[in-house]
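Here is how the chains run, residue by residue.
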Amino acid sequence: AMMAIIGMFFQDGLTGSAWGDWANYTASPLRAFENELGVQAPLGFWDPAGFTADGDVYSFKRRRSVEIKHGRICMLATMGYITPEITGKFGGYLSPSEKLAFADIPNGLAALGKVPFLGWIQIAGYMGFTEIQARYDADINERNEPGNMGWKPPLLSGGDPETRTRRLNAEIANGRLAMMAIIGMFFQDGLTGSAWGDWANYTASPLRAFENELGVQAPLGFWDPAGFTADGDVYSFKRRRSVEIKHGRICMLATMGYITPEITGKFGGYLSPSEKLAFADIPNGLAALGKVPFLGWIQIAGYMGFTEIQARYDADINERNEPGNMGWKPPLLSGGDPETRTRRLNAEIANGRLAMMAIIGMFFQDGLTGSAWGDWANYTASPLRAFENELGVQAPLGFWDPAGFTADGDVYSFKRRRSVEIKHGRICMLATMGYITPEITGKFGGYLSPSEKLAFADIPNGLAALGKVPFLGWIQIAGYAGFTEIQARYDADINERNEPGNMGWKPPLLSTSDPETRTRRLNAEIANGRLAMMAIIGMFFQDGLTGSAWGDWANYTASPLRAFESELGVQAPVGFWDPAGFTADGSTENFARRRQTELKHGRVSMLATMGYITPEITGKLPGYLSPSAGLKFADVPNGLAAISKVPAAGWAQIVAYGAFCELSQDQSKGTPAAAGDFGFKVLTSSDPAEKTKKLAAEIANGRLAMMAIIGMFFQDGLTGSAWGDWANYTDSPLRAFENELGVQAPLGFWD
């Protein structure tokens, strides 16, 4: 805050505003460089170290020249690390006189010790030749263009100034990325002997001190990208963990505070009788801040102070040696079984982290639209509106850009990315078919390379083929890719034809004279390309793991998933199915915990589903639900509308019963209740096979009920009835087809 307020004073004194609108800095020396190459969104011109504060143009160009050269070297170095890992090394000798083969040179820093003295002379000589040939500093003193070494590389030069500028900008950006990448590779390589930095090699890392702490959870494990724990200070770690847990608890309450009034409604009566302020007068979300009376803020601050003082500030780490332990035992987190307690505390941390993300999202949405739910209709001036009718915007997601690439509304950048997406999609469609076709139709006869006696039949399918392609084959592949780009005039699809992906020829299945048909086909191409990008990555992953793109399950003999394939709930035709990878760690304890949760959710959902259906068929109970409130069973509507009718004492009973069910059973590891057996024998049988069948049926029915109740909620929310009376859908586009041929009882129009 001291830094912030000094900065605000400084900005305010210069511009009359603490936010320091850049438009007010008309005489700033930094203005000289804001249109230079390398000034890119979202940062714009960024010089936190102040190298350009003096406005010296020559020094700026000198530094830019050095940056570009370093970036070029780092791009080559980064590719030099990666390429031998993928394509293998050259055959033959690096130094015949010293009998030093290319295969003898290790990848990475270890190669430095293998290069012979004459090799270093050659490297230094080539660097000197490059500088002398281009005349040292001639790029800034004569050509007045940093990085221009006097020759025109095909992919950077171009007749169109705009295209050339964009390519040079891309070179700078890629060079900056490569400088970061190569430093990271050097660091990993120096620590572990490998640029890929296997964590198993970091035996002495100070981060090892924290890898078994609470909050270290799959799939990331111990994750500290900001390096807060790099010094290995245990006290600082616990201090931060304590703060994290407290923030998570507040955010869980805040998130529920946003959601609950939307679902259950607000309390009756007055929040402040003296000010005649009813609970119903308080809006949901950020707008409530302006409604809370001064004494309310005093109460909030007082309660926070009481909580900290009562628990003795920092006693959780200084006395109890357990971050977040405030000295009392909440029923759902405490427990006699250490393993159960640890699992619950881990869940609290994970839920708190999720809530911190959720509440920030709600604040952001609420601030933008006045509602935490952020209705898209309120974003009338959003730059994303510019792209919502583009190709590739398809149901059910519509225009979807979670990474915010289009947040600046830059149409050219959107088209550039769309062009790249379409090209990648086309390559991936070919690659996916290239995996599949030889498996179905077989391979070509004859030779791929007669000179090397390499037959098509000798080429394995998938990644293993990379090691079989001869050097001239790679040259042909690179040559064809270059020919395709040059023939279509690189970026002409967006600069000349104004249609991303239009390479200047008309494939029979995509071109047509009918604009509507053409749009539909191009949309299909984008969708198929996206699917193919996902498919080929999956094939690479499977192939790398099992040696086959089809990933035959029989090859996964050591897979941790084998531990669960005979469990209850594994049923035909899917078998053991875990697409989210929850069981990838092979933890039987975590599996049992999730199965226990699944059983409970399934049972609750079966009851809820029947609770929706039964009153519709059999009618409601006679008499009163609440005699004191004069509330009859007949007055309670079916479905979601019933939530607002249940009196407060009713909610208390529901919560108490749920707590009783949880607390009345010992659910620690290995107990019957941990496996879903709560002591009443509805599904049991003396025949083990029959009992297993019944329990498997319970799981299957519970899964069905979970889907059913969500569907009922959705229907009920849309139409006011869990059955979703068709008469309520007056504006549905499906109405257009309800009188067509083929619409017959009992289903009517069915899609």
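In the block above lies the structure referred to throughout.
If you're wondering where the values come from, they're calculated on a predicted model, not measured in any experiment. (Residues numbered from 1 in each chain as written. Predicted model: local features only at pLDDT ≥ 70, side-chain atom pairs only at ≥ 80, totals over all residues. Heavy atoms only, no water.)

> So what exactly am I meant to see when it comes to the pattern of salt bridges here?
Side chains that carry opposite charge are capable of pairing whenever their charged atoms lie near each other. Across all of its chains, the model carries 27 salt bridges by this definition. A salt bridge links Glu142 to Arg135; the nearest nitrogen and oxygen atoms lie 2.8 Å apart. Its relative accessible area of 43% is what places Arg135 among the partly exposed residues. (Salt bridge = Lys/Arg side-chain N within 4 Å of Asp/Glu carboxyl O. Buried < 20%, exposed > 50% of the residue type's maximum accessible area, 1.4 Å probe, protein only.)

> Help me out: how do you make sense of helix 14 (residues 588-618) in this one?
Given 3.6 residues per turn, any residue in an α-helix points the same way as the ones three and four places further on. Over its 31 residues, helix 14 runs 44 Å from end to end, which matches the ideal 45 Å to within 8%, given 1.5 Å per residue. Taking the largest bend as the criterion, helix 14 deviates by roughly 25°, centred on Tyr612, and proline Pro615 comes between one and four positions later. Buried residues of helix 14: Phe591, Arg595, Gln596, Leu599, Lys600, Gly602, Ser605, Thr609 and Tyr612, and no others. As for helix 14, its buried residues are in contact with helix 15 (648-663) and helix 16 (688-719). Within two residues after helix 14, Gly619 carries a phi angle of roughly 85°, on the positive side. (Helix = DSSP H or I, 4+ residues; strand = E, 2+ residues; numbered from the N terminus. Expected span 1.5 Å × (residues − 1). Bend = angle between axes of the 7 residues up to and from the residue. Contact = heavy atoms within 4.5 Å.)

> Sorry if this is basic, but what is going on with unusual backbone geometry here?
Most of the time, phi is negative for any residue but glycine, and the peptide bond is trans. Despite not being glycine, Asn321 shows a phi value in the positive range, around 55°. For Lys453, which is not glycine, the phi torsion reads 55° and is therefore positive. Within the fold, Lys453 resides in the loop between strand 5 (447-449) and strand 6 (454-455).

> Help me understand helix 10 (residues 411-441) in this model?
In a regular helix each residue adds 1.5 Å, so 31 residues correspond to 45 Å; helix 10 covers 44 Å between its end C-alpha atoms and thus fits that length. Along helix 10, the sharpest kink reaches roughly 25°, centred on Tyr435 and followed within four residues by the proline Pro438. Listing the buried residues of helix 10 in full gives Phe414, Lys415, Arg418, Ser419, Glu421, Ile422, Lys423, Gly425, Cys428, Thr432 and Tyr435. N-capping of helix 10 is provided by Asp410, with a side-chain oxygen placed 3.0 Å from the backbone N of Tyr412. Following helix 10 by one or two positions, Gly442 has its phi on the positive side, about 85°. (Polar contact = N/O pair within 3.5 Å; in protein donor to acceptor, adjacent residues only side chain to side chain.)

> In this structure, what is going on with the environment of Ile526? I would like to understand it.
Along the chain, Ile526 falls in helix 13 (residues 515-546). Given the relative accessible area of 5%, Ile526 is considered buried. Separated by 102 residues in the primary sequence, Ile526 and His424 place their C-alpha atoms 10.0 Å from one another. If we ignore the near neighbours within four places in the chain, the residues touching Ile526 are Leu391, Gly392, Arg418, Glu421 and Ile422.

> Teacher, can you tell me more about the side chain of Lys69 here?
Take Lys69: it is sitting in helix 2 (residues 57-87). For Lys69, a relative accessible area of 16% translates into the label buried. At 3.4 Å, the side chain of Lys69 and the side chain of Glu131 are in polar contact. In this structure, Lys69 is in contact with Glu131, Asp139 and Met149, ignoring residues within four places of it in sequence.

> Explain the packing of aromatic side chains to me, please; I cannot follow it from the model alone.
When we look at a pair of aromatic rings, we describe it by the centre distance and by the angle of the planes. The tally for this structure, following the rule as stated, stands at eight aromatic pairs. With a centroid separation of 5.4 Å and 65° between ring planes, the pair formed by Phe90 and Phe102 is classed as edge-to-face. A residue pair is termed long-range when its members are at least 10 positions apart, and Phe90 in the loop between helix 2 and strand 1 (93-95) and Phe102 in the loop between strand 2 (100-101) and helix 3 (117-133) qualify at twelve residues. Judged by relative accessible area, Phe102 falls into the partly exposed class, the value being 25%. Aromatic side chains Phe444 and Phe456 sit 5.4 Å apart centroid to centroid with 65° between the ring planes, which places their arrangement in the edge-to-face category. One end of the pair, Phe444, is in the loop between helix 10 and strand 5; the other, Phe456, is in the loop between strand 6 and helix 11 (471-487), with twelve residues separating them in the sequence. (Phe/Tyr/Trp six-rings, centres within 6.5 Å; stacked < 30°, edge-to-face > 60°.)

> Can you help me understand a nonpolar patch on the surface in this one?
On the surface, Leu109, Leu112, Trp120, Ile123, Met127, Ile183 and Phe186 cluster together to form a nonpolar patch covering roughly 650 Å² of accessible area. When residues of the nonpolar patch are traced back to their parent elements, those giving at least two are helix 3 and helix 5 (161-192). Among the elements that take part in the nonpolar patch, helix 3 stands out by supplying three residues, more than any other. Note that Leu112 resides in the loop between strand 2 and helix 3. (Patch = residues over 30% accessible without salt bridge, like charges linked within 9 Å, V, L, I, M, F, W, Y side chains within 5 Å. Areas by Shrake-Rupley, 256 points an atom, 1.4 Å probe, with all protein chains shown as cover.)

> Quick question: what am I supposed to make of the packing of helix 2 against helix 5 here?
In helix packing, the relevant descriptors are the interaxial angle and the interaxial distance, both defined with respect to the helix axes. Viewed as axis vectors pointing N to C, helix 2 and helix 5 meet at an angle of 55°, and their least axial separation amounts to 7 Å. Between helix 2 and helix 5, the crossing angle belongs to the class labelled oblique. Classified by chirality, the crossing of helix 5 by helix 2 is left-handed. In this structure, helix 2 uses Arg64, Glu67, Ile68, His70, Gly71, Arg72, Cys74, Met75, Ala77, Thr78, Tyr81 and Ile82 to contact helix 5, whose residues at the interface are Glu171, Ile172, Asn174, Gly175, Arg176, Ala178, Met179, Ala181, Ile182, Met185, Phe186 and Asp189. For the contact of helix 2 with helix 5, the residue count by class is 13 nonpolar, five polar and six charged. (Axes fitted to C-alpha atoms, helices over the stretch in contact; angles between N-to-C directions. Parallel < 35°, antiparallel > 145°, perpendicular 65-115°, else oblique. Left-handed = near helix turned anticlockwise from the far one by under 90°. Nonpolar A, V, L, I, M, F, W, Y, C, P; charged D, E, K, R; others polar.)

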